[in-house]
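# Report on the structure
Here is how the chains run, residue by residue.
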Amino acid sequence: MKITKVEVLEFHCHTVPFFHPIGCRIYTDEGIYGDGEAALSYGVGYHAAFGMIRDLAQLVIGMDPLDNEVIWDKMHKETFWGMAGGPVVFAGISAIDMAVWDIRAKTFGVPLYKLLGGKRNPVLRCYASQIQQGFGPKHEMLWKPEQYAEIAKKCVEADGYDAVKIDFYVFDENGGVFDRDRKRAKMDPRTLRVAIDRLEAVRKAVGDDVDIIIENHSNLDAMSAIQLANAAEPYNIFFFEEPNTPSAKTSKYICENINIPVANGERIFSRWQYMPYFEASALQVAQPDIGTCGGFTEAKKICDVAHTYDVAVQAHACGSPLSSVAAVQLETALPNFIIHEHHLCFLHAYNRELCKYDYQPVNGTISAPEIPGIGNEWTDEAISNATKITVEN
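A few points on the structure. What you are looking at is a predicted structure, and each value in this text was computed from that prediction instead of being measured.

## Looking at the layout of surface pockets
Here the largest pocket defines a volume of roughly 1,100 Å³. Taken together, 40 residues form the lining of the largest pocket, with Tyr 42, Gly 43, His 217, Glu 266 and Cys 318 sitting closest to its centre. In terms of residue class, the lining of the largest pocket is made up of 18 nonpolar, twelve polar and ten charged. Taken together, Phe 11, His 12, Cys 13, His 14, Thr 15, Tyr 350, Glu 353, Leu 354, Thr 379, Glu 381, Ala 382 and Asn 385 make up the lining of the second largest pocket. The leading source of residues in the lining of the second largest pocket is helix H13 (residues 380–385), at three residues. Along the lines of polarity and charge, the residues of the lining of the second largest pocket split into five nonpolar, five polar and two charged.

Spelled out as structure tokens, the structure:
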């Protein structure tokens with residue numbers, strides 16, 4: 001089997017200017033194709049991801065997609081920037097690797113988790129992610145403690161989740177966007193109280209049998225992160241995600257000064273960048289994103305190394321439905337799986353319409369699809385409306 005053509009795709013979600021999924025479809029001479037995604041759909045960088053997939057695609061034309069390790073090594077080592085590369089390089093590698101694994105699983109007629117080791121976790125516990133923006137068909141701006149309590153209670157009682165994740169510092173106490181500088185250096189008591197009032201309201205609303213995850217998006221410095229964690233400790237926090245700018249040394253310092261587990265990983269790329277965290281016990285939950293860490297080939301290595309250090313894994317997922325089901329496939333096979341992220345973006349029509357299948361948790365749990373391959377693919381309509389470049393011989 002040979003790779004004959006790669007389509008590089010920029011999808012257009014016209015109703016939301018901040019979301020630009022970037023993907024690819026790889027074709028073979030045996031009629032089997034696979035889809036992949038570079039998970040840089042938000043923030044700044046999606047154009048770069050598009051260009052990176054285009055450049056990497058030229059390296060894989062003519063190669064056998066069943067040789068995933070050979071392909072991965074070529075993209076990593078023969079590109080100069082691949083080794084020790086950052087999000088753009090690894091997002092491009094991830095998209096092609098994801099599509100290659102889709103082809104591999106379809107070739108053998110099995111769901112992808114079978115090639116990762118089998119169904120160790122038939123049912124995955126999920127959490128409702130980023131509910132400070134609501135958890136329904138549209139984005140909201142929540143800033144009052146009673147609003148946080150109401151949405152958390154809805155996730156538990158109506159949707160069946162027993163875990164929620166909240167960034168308490170997205171919207172300020174007046175309904176505006178929080179000033180990032182206000183949260184850095186030594187946090188003043190008034191700013192700290194904003195988060196704790198919201199957290200306290202959520203805990204009272206959901207009771208003691210629901211896990212609360214604090215999200216931070218790396219917006220605090222180490223001192224402020226410690227202040228927040230220590231103030232939040234009485235509310236029994238499941239874990240504290242991205243407490244500060246990703247750094248193994250400062251993460252170790254934070255871990256040594258708080259009593260809440262630390263999670264990190266969506267902005268840590270490859271096993272080499274993860275190793276200092278593992279060696280220093282600087283995180284307790286690893287969160288590799290299959291769309292940015294290097295694809296399934298690299299994600300499985302990261303997760304296996306994490307297991308040797310007693311580090312749990314929750315795959316980060318905040319892209320298209322292709323990224324979501326990719327995380328499910330990986331987590332189904334992991335002995336150190338802890339919980340699955342169901343991001344609010346997977347509830348929105350602009351995103352759900354990109355892929356053929358719409359997998360949603362039922363009563364707070366989800367399972368891997370049993371169809372061959374990754375379990376989802378871009379729709380014909382999404383591809384026809386996308387900006388597209390084709391790379392072939």
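## Details of helix H1 (residues 46–60)
When the terminal C-alpha atoms of H1 are compared, their 21 Å separation across 15 residues agrees well with the 21 Å that a helix rising 1.5 Å per residue should span. Where H1 is concerned, the buried positions are Tyr 46, Ala 49, Phe 50, Gly 51, Met 52, Ile 53, Leu 56, Ala 57 and Val 60. The first or second residue beyond H1 is Gly 62, which carries a positive phi of 90°.

## Description of the sheet that holds strand S1 (residues 3–10)
Read across the sheet, four strands follow the order S3-S2-S1-S13 without closing on themselves; strand pairing throughout is antiparallel. Two strands lie at the open edges of the sheet, namely strand S3 (33–38) and strand S13 (387–392), each paired on one side alone. The mean angle between the axes of side-by-side strands here comes to 20°, regardless of whether they run parallel or antiparallel. Note: S1 against S13, six bridges, orientation antiparallel. Residue Glu 7 lies in a different strand from S13, and its bridge partner there is Thr 390. Strands S1, strand S2 (22–28), S3 and S13 of the sheet are contacted by H1, whose axis makes an angle of about 175° with S1.

## Overview of the nonpolar core
Residues Ile 131, Phe 135, Leu 199, Leu 228, Phe 240, Phe 296 and Leu 330 are the most contacted members of the largest nonpolar core, which totals 97 residues. Looking at this core element by element, the count peaks at seven residues for helix H6 (residues 189–206). With near-sequence residues (within four places) excluded, Phe 135 lies in contact with Ala 128, Ser 129, Glu 140, Ile 151, Lys 154, Cys 155, Asp 159, Tyr 161, His 342, His 343, Leu 344 and Leu 347.

## Considerations on empty space enclosed by the protein
Enumeration over the complete set of coordinates arrives at two cavities of 30 Å³ or more. Reported here for the largest cavity is a volume of approximately 100 Å³. The element best represented in the lining of the largest cavity is helix H11 (residues 321–332), accounting for four residues. Considering only residue class, the lining of the largest cavity consists of seven nonpolar, five polar and one charged. Roughly 30 Å³ of volume is contained in the second largest cavity. Every residue along the wall of the second largest cavity is listed here: Met 98, Asp 289, Ile 290, Gly 291, His 316, Ser 323, Ala 326 and Ala 327. Top contributing element to the lining of the second largest cavity by residue count: H11, with three residues. Counted by class, the lining of the second largest cavity contains four nonpolar, three polar and one charged residues.

What counts, and where the lines are drawn
- Residues numbered from 1 in each chain as written.
- Predicted model: local features only at pLDDT ≥ 70, side-chain atom pairs only at ≥ 80, totals over all residues.
- Heavy atoms only, no water.
- 1 Å grid on protein atoms, 1.4 Å probe; cavity = no way out; pocket = protein on both sides within 12 Å on 5 of 7 lines; lining within 4 Å.
- Points joined across faces, edges and corners; volume = space filled by probe spheres on them.
- Nonpolar A, V, L, I, M, F, W, Y, C, P; charged D, E, K, R; others polar.
- Helix = DSSP H or I, 4+ residues; strand = E, 2+ residues; numbered from the N terminus.
- Expected span 1.5 Å × (residues − 1).
- Buried < 20%, exposed > 50% of the residue type's maximum accessible area, 1.4 Å probe, protein only.
- Pairing = 2+ DSSP bridges.
- Axes fitted to C-alpha atoms, helices over the stretch in contact; angles between N-to-C directions.
- Contact = heavy atoms within 4.5 Å.
- Core = buried A, V, L, I, M, F, W, Y, C linked by side-chain atoms within 4.5 Å.

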